[in-house]
Amino acid sequence: MSALLNDAMLAGFVLTAPPGPLRTADAAPAPVRTLATPEMAAAPAAPAATPPESTPMSPLLVRDDVWRGRTRMRGARGEPTGHPALDALLPDGGWPRGALSEILHARDGVGELQLVLPTLAALTRRGERVAWVAPPYEPCAVALAQRGVVLERLVVLRPSGQQEALWAIEQCLRSGAVGAVLAWPG
């Protein structure tokens with residue numbers, strides 16, 4: 001995970017999946033398409049593939065946390081953003097759980113936190129912790145409380161350097177003890 005975050009060097013918002021059994025999909029995954037090369041065209045035709053229902057990978061293909069390219073599992077439900085128009089546009093109907101969501105903005109202080117504050121408030125009201133790793137500015141406790149964030153559930157980590165920030169992000173994500181991680185790793 002550290003290498004991935006180190007390579008990305010991007011700020012993100014990650015929601016961890018809730019504990020418990022994983023949901024199964026209503027529909028089979030989309031078929032995989034391959035592009036033919038001249039070498040493949042000269043080769044004899046391969047026997048028909050076994051239907052996905054009978055392959056050893058079948059249990060994996062119905063899990064919500066297995067990414068299969070551009071396809072999405074039906075029934076996967078994201079964490080509501082608190083903004084109905086945004087929920088309608090996101091593939092999972094909210095912030096995807098157990099995934100990285102990047103918020104790109106031209107400069108700091110243009111309202112970028114407004115996108116995530118309703119979700120952070122909902123998570124902390126449910127008793128989940130939210131970790132902020134290496135925020136560029138000191139969070140305003142009064143403003144967060146006014147927006148419904150339960151301050152006792154908010155953890156602000158100030159690592160001394162980039163490697164420590166990446167380590168802290170990884171540990172928060174691995175622990176399963178937080179509902180969301182906001183990170184500014186670089």
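Throughout what follows, the structure given in this document is the object of discussion. Not measured: the values here are computed from a predicted model.

1. A closer look at the pattern of salt bridges
Oppositely charged side chains can form a pair if their charged atoms are brought close together.
(1) Moving on: Evaluation of the coordinates by the stated rule reveals five salt bridges.
(2) Moving on: A salt bridge links Arg-174 to Glu-170; the shortest N-O distance between them is 2.9 Å. In this pair, Arg-174 and Glu-170 are both assigned in helix 7 (residues 162-175), four residues apart and thus about one turn of the helix distant.
(3) Moving on: Among the residues examined, Arg-174 registers a relative accessible area of 60% and is labelled exposed.
(4) Moving on: What you see here is one network of salt bridges that share partners, running through Glu-79, Arg-97, Arg-126 and Glu-128.

2. A few points about the pairing of strand 5 (residues 178-183)
The two faces of the sheet receive side chains in turn, since in a regular strand these alternate between them.
(1) Moving on: Strand 5 sits mainly inside the fold: six of its six residues count as buried.
(2) Moving on: Relative to strand 5, strand 3 (residues 129-133) runs parallel, the two being bridged by five bridges. Opposite Val-130, over in strand 5, you have Ala-180 as the bridge partner.

3. Notes on helix 5 (residues 117-125)
(1) Moving on: A large share of helix 5 lies buried, amounting to seven of its nine residues.
(2) Moving on: Where helix 5 terminates, the next one or two residues include Gly-127, which has phi positive at roughly 95°.

4. Section: the environment of Leu-144
(1) Moving on: The residue Leu-144 is located in helix 6 (residues 141-146) in this model.
(2) Moving on: Overall, Leu-144 belongs to the buried group, its relative accessible area being 6%.
(3) Moving on: Contacts of Leu-144, omitting those with residues within four sequence positions, involve Leu-117, Trp-132, Pro-139, Val-149, Leu-151 and Leu-154.

Cut-offs used in this document
- Residues numbered from 1 in each chain as written.
- Predicted model: local features only at pLDDT ≥ 70, side-chain atom pairs only at ≥ 80, totals over all residues.
- Heavy atoms only, no water.
- Salt bridge = Lys/Arg side-chain N within 4 Å of Asp/Glu carboxyl O.
- Helix = DSSP H or I, 4+ residues; strand = E, 2+ residues; numbered from the N terminus.
- Buried < 20%, exposed > 50% of the residue type's maximum accessible area, 1.4 Å probe, protein only.
- Pairing = 2+ DSSP bridges.
- Contact = heavy atoms within 4.5 Å.

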